[in-house]
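# Per-entry structural report
Chain residues, written in single-letter form:
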Amino acid sequence: HMHIKDLAAHYCWLDHHKTALEAECRRMGLPYVSWHTSSSDKHHFVLDEQYSGAMLAWNHFYSMFKGPVATPRLIRHVQDRDLWRFELEGTNELACYLKDNVLTMAQWVELLEDDSKVQKAIEEGAATLKVYQNQVKRLSKKAQSFRLCGHMGLAVNTGMHISEVGNELAKRSGNFGACWFWAEDKVVVSLRSIGDFDVSEVAKQYGGGGHKAAAGFQTDLVTLQSLLLEGQSHDRANA
């Protein structure tokens with residue numbers, strides 16, 4: 001099959017997904033490395049799993065058109081959550097605000113240009129943070145055992161707070177947490193892990209991909225049922 005990158009006169013690709021990085025290195029006959037940049041008359045791509053997509057885009061386009069520009073607080077908070085670091089005060093609160101509000105393009109620009117607007121959003125988001133935390137706790141209590149590629153984890157049926165719930169289940173299982181839900185004609189499975197467990201390697205076995213600590217794949221109801229039944233069998237055998 002022809003790839004869009006083979007057909008385009010020129011393309012620019014910015015990405016931070018480990019599995020995408022590996023696939024492109026294989027395609028170009030290059031060894032896998034933790035980061036890879038390349039450019040030519042035909043293409044320019046940056047694959048770097050150390051940054052979020054938002055940070056990669058900011059660094060690329062502003063260095064290209066405006067030279068060095070201080071990174072807005074909004075971008076730094078987005079990366080802080082996307083990479084699941086939470087090193088910046090207010091990241092959780094800002095995430096709650098952004099979940100609760102559908103912003104216009106003008107409002108997004110305001111948040112990018114005015115850090116005081118970000119601070120106001122953080123203050124507003126604090127009001128709903130505790131509500132969301134309680135929802136995560138309730139959802140996590142409904143988890144079932146789940147086996148993927150011989151590894152046991154915990155899974156729950158939810159399309160809400162999948163990163164937070166998945167992370168809580170990963171802590172409890174010691175391997176991974178999974179959130180699954182039905183979307184149109186398929187089952188979507190979102191995976192989270194902590195420590196050394198690499199969910200992107202597991203997701204690849206089911207046709208998906210992602211990061212070491214956050215990945216996912218799509219499947220069908222029959223496969224989902226078998227994974228849940230395997231988990232139940234494991235629990236009975238170890239009761």
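Up top is the structure these notes are about.
Below: a short report on this structure.

About the criteria used
- Residues numbered from 1 in each chain as written.
- Predicted model: local features only at pLDDT ≥ 70, side-chain atom pairs only at ≥ 80, totals over all residues.
- Heavy atoms only, no water.
- Helix = DSSP H or I, 4+ residues; strand = E, 2+ residues; numbered from the N terminus.
- Expected span 1.5 Å × (residues − 1).
- Buried < 20%, exposed > 50% of the residue type's maximum accessible area, 1.4 Å probe, protein only.
- Contact = heavy atoms within 4.5 Å.
- Patch = residues over 30% accessible without salt bridge, like charges linked within 9 Å, V, L, I, M, F, W, Y side chains within 5 Å.
- Areas by Shrake-Rupley, 256 points an atom, 1.4 Å probe, with all protein chains shown as cover.
- Salt bridge = Lys/Arg side-chain N within 4 Å of Asp/Glu carboxyl O.
- Lys, Arg positive; Asp, Glu negative; His and termini not counted.
- Charge placed at Lys NZ, Arg CZ, Asp CG, Glu CD.
- Pairing = 2+ DSSP bridges.
- Phe/Tyr/Trp six-rings, centres within 6.5 Å; stacked < 30°, edge-to-face > 60°.
- Lys NZ or Arg CZ within 6 Å of the ring centre and 35° of its normal.
- Disulfide = S-S within 2.5 Å.
- Arc of directions from axis to C-beta.
- Polar contact = N/O pair within 3.5 Å; in protein donor to acceptor, adjacent residues only side chain to side chain.
- Axes fitted to C-alpha atoms, helices over the stretch in contact; angles between N-to-C directions.

Next up on the list: helix α8 (residues 162-173). For α8, with 12 residues, the first-to-last C-alpha span of 16 Å sits near the 16 Å given by 1.5 Å per residue. Residues Ser163, Glu164, Val165, Gly166, Asn167, Leu169 and Ala170 constitute the buried set of α8. Where α8 is buried, its residues touch α4 (73-82), α5 (91-100), α7 (115-140), β5 (151-157), β6 (176-183) and β7 (186-193). Just beyond α8, the residue with positive phi is glycine 174, at close to 85°.

Glycine aside, residues mostly have negative phi angles, and peptide bonds mostly take the trans form. Look at tryptophan 84: it is not a glycine, yet its phi comes out positive at around 60°. Following the sequence through the fold, tryptophan 84 ends up in the loop between α4 and α5.

Moving on: a positive patch on the surface. There is a patch of like positive charges on the surface, built from Lys137, Arg138, Lys141 and Lys142. With respect to the helices and strands, lysine 141 occurs in the loop between α7 and β4 (144-148).

Here we take up the pairing of β6. Most of β6 is tucked away, with 6 of its 8 residues classed as buried. Bridge count between β5 and β6: 4 bridges; the pairing is parallel. Of the residues in β6, the one forming a bridge with leucine 154 is glycine 177. Judged from the 8 bridges that link them, β6 and β7 form a sheet pairing that is antiparallel. Each residue of the ladder has a partner; that of phenylalanine 181, found in β7, is valine 188. Hairpin connection, β6 to β7: the antiparallel pair is bridged by 2 residues, and glutamate 184 has positive phi, about 60°.

One pass over the structure, following the stated rule, counts 4 aromatic pairs. With a centroid separation of 4.9 Å and 80° between ring planes, the pair formed by tryptophan 84 and phenylalanine 86 is classed as edge-to-face. Assessed through its relative accessible area of 29%, phenylalanine 86 is described here as partly exposed. Here the guanidinium or amino end of lysine 99 rests over the ring plane of tyrosine 132, the centre of that ring lying 5.3 Å away.

The next subject is the state of the cysteines. Scanning the model with the defined rule gives 0 disulfides in all. Here cysteine 96 stays unpaired: no disulfide links it, and the sulfur of cysteine 179, its closest cysteine neighbor, is 16 Å away. Given the relative accessible area of 5%, cysteine 96 is considered buried.

Relative to the 24 Å expected for 17 residues at 1.5 Å per residue, helix α10 (residues 221-237) spans 24 Å between its end C-alpha atoms, a close match to the ideal helical length. Within α10, burial applies to Leu224, Leu227, Leu228 and Gly231. Buried positions in α10, seen along its axis, are confined to an arc of 95° and lie on one side of it. Along α10, exposed side chains directed more than 90 degrees from the buried face belong to Val222, Arg236 and Ala237. Two or three places before valine 222, at the opening of α10, aspartate 220 has a side-chain oxygen 3.1 Å from that residue's backbone nitrogen.

Across the sheet, which stays open at both edges, the 6 strands sit in the order β4-β5-β6-β7-β9-β8 with mixed pairing between neighbours. Where the open sheet ends on each side, the last strands, each with one partner, are β4 and β8 (209-210). When β7 meets strand β9 (residues 214-219), the two strands line up antiparallel, connected through 6 bridges. Of the residues in β9, the one forming a bridge with serine 190 is glycine 216. Each of β4, β5, β6, β7 and β9 is contacted by α10, which is oriented at about 110° to β4, the strand it contacts most.

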